[in-house]
Amino acid sequence: MTENTETGIPPIPGASTPEGERPPAVRVRGLWKTFGEHAAVSGIDLDLPAGRFVGLVGPNGAGKTTTLSMVTGLLRPDSGTVEVVGRDVWRDPVDVKARIGVLPEGLRLFERLSGRELLTYMGRMRALDPVELESRTEQLLDVLDLSGAQHKLVVDYSTGMRKKIGLAAALLHNPEVLFLDEPFEGVDPVSAQAIRGVLERYTDSGATVVFSSHVMELVESLCDWVAVLAAGRIRAHGPTAEVRGEAGSLHHAFLELVGARGNPDGARLDWLGGAR
Ligand SMILES: Nc1ncnc2c1ncn2[C@@H]1O[C@H](COP(=O)(O)OP(=O)(O)OP(=O)(O)O)[C@@H](O)[C@H]1O
């Protein structure tokens with residue numbers, strides 16, 4: 001097993017299997033979730049390929065967070081099944097949770113711990129060897145540019161710092177699949193670049209990243225595979241170039257797929273124009 005020389009984190013098992021032979025990282029069948037009368041997720045079937053940088057995109061309220069929450073075992077579906085690396089998320093939750101890392105939306109952290117203490121705590125919960133934990137903590141703090149803030153309490157972290165420490169916590173145990181809900185929201189370009197670098201290194205080792213976003217340019221530049229979700233249903237999925245098709249950009253393809261027509265009522269705002 002060769003280590004990634006920059007992070008020191010060993011590659012995931014089976015990552016070197018030739019492409020095409022690996023089963024999907026995530027297999028979803030007939031997934032439904034209703035809140036009251038409203039169906040947030042309406043019968044999704046989806047296979048997300050292993051070893052890829054996968055983007056889950058959709059407009060506000062499309063059902064991205066609800067889907068990711070069910071896929072990662074945080075929210076029980078009304079019906080349907082989810083398998084992650086071949087294990088049923090709801091039948092083998094402990095096994096699955098050992099194999100995945102999750103950066104959820106609105107991440108709740110232990111606010112009264114320092115960033116470093118938080119990673120130590122998470123690593124101990126994951127039963128990592130103390131020497132290995134120390135070494136991984138050091139490296140993650142360093143590559144995510146958090147070394148200078150490692151002794152600061154998490155409550156005093158900025159939005160971008162919280163995303164970065166959350167990402168470090170999600171990566172610490174070297175998961176096979178990493179799920180990120182809007183990882184770049186509220187993150188400045190410097191922190192975004194640090195996050196991006198870590199994620200690219202991680203996928204280079206053969207691991208899978210699944211992340212949700214509505215920033216099409218970001219998805220297009222990062223993801224080699226995308227699924228477009230609108231009104232709780234999958235509208236398109238496949239390699240990014242295929243989903244983009246003839247539209248010229250993922251942004252335009254997305255607008256066509258979700259049926260966006262602009263807002264004809266905009267013409268009514270004839271009072272708007274502060275400079276007049
Ligand atoms: N706990 C809840 N109770 C009631 N309705 C909910 C709940 N969670 C989500 N919804 C509804 O389900 C739908 C999908 O929400 P979800 O948060 O999954 O969308 P999203 O694609 O992540 O949106 P955004 O990009 O705005 O974060 C929305 O209509 C939302 O109002």
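Conventions used here
- Residues numbered from 1 in each chain as written.
- Predicted model: local features only at pLDDT ≥ 70, side-chain atom pairs only at ≥ 80, totals over all residues.
- Heavy atoms only, no water.
- UniProt positions renumbered as here; feature names shortened; annotations may be inferred.
- Core = buried A, V, L, I, M, F, W, Y, C linked by side-chain atoms within 4.5 Å.
- Buried < 20%, exposed > 50% of the residue type's maximum accessible area, 1.4 Å probe, protein only.
- Helix = DSSP H or I, 4+ residues; strand = E, 2+ residues; numbered from the N terminus.
- Contact = heavy atoms within 4.5 Å.
- Pairing = 2+ DSSP bridges.
- Axes fitted to C-alpha atoms, helices over the stretch in contact; angles between N-to-C directions.

You'll find the protein chain entered in an unreviewed UniProt entry as ABC transporter ATP-binding protein, with Streptomyces sedi given as the organism. Taken from UniProt, the Subcellular location (unreviewed entry) comment for the protein chain reads in full: "Cell membrane".

The next subject is the nonpolar core. One broad rule of soluble globular proteins: the nonpolar side chains tend to lie buried together. Counting residues in hydrophobic clusters, the biggest one holds 46 residues, and the most contacted among them are Leu178, Leu199 and Phe211. When residues of this core are assigned to their parent elements, the largest contribution, seven residues, is made by helix α5 (residues 159-171). The contact partners of Leu178, leaving out residues within four places of it in the chain, are Gly101, Val102, Leu167, Ala170, Leu171, Leu199, Tyr202, Thr208, Val209 and Val210.

Take the pairing of strand β1 (residues 26-35) next. Within a regular strand, side chains alternate between the sheet's two faces. Inspection of the sheet shows β1 paired to strand β2 (residues 38-48) by eight bridges, in the antiparallel sense. In the strand pairing of β2, Phe35 is matched with His38. Linking two consecutive strands that pair antiparallel, namely β1 and β2, is a turn of two residues; a positive phi of about 60 degrees is found at Gly36 within it. Alignment of β1 against strand β4 (residues 79-84), held across five bridges, turns out to be antiparallel. Within the sheet, the bridge partner assigned to Arg27 lies in β4 and is Glu83.

Turning our eyes to something else, we now look at the sheet that holds strand β8 (residues 208-213). Taken in spatial order, the six strands of this open sheet run β6-β7-β8-β3-β9-β10, and their pairing is mixed. At either margin of the open sheet sits one strand with a lone partner, and together these are β6 (100-103) and β10 (233-239). Each strand axis lies, on average, 15 degrees off the axis of its neighbour in the sheet, ignoring direction. Alignment of strand β9 (residues 225-230) against β10, held across six bridges, turns out to be antiparallel. By the bridge assignment for β10, Trp225 is matched with Pro239.

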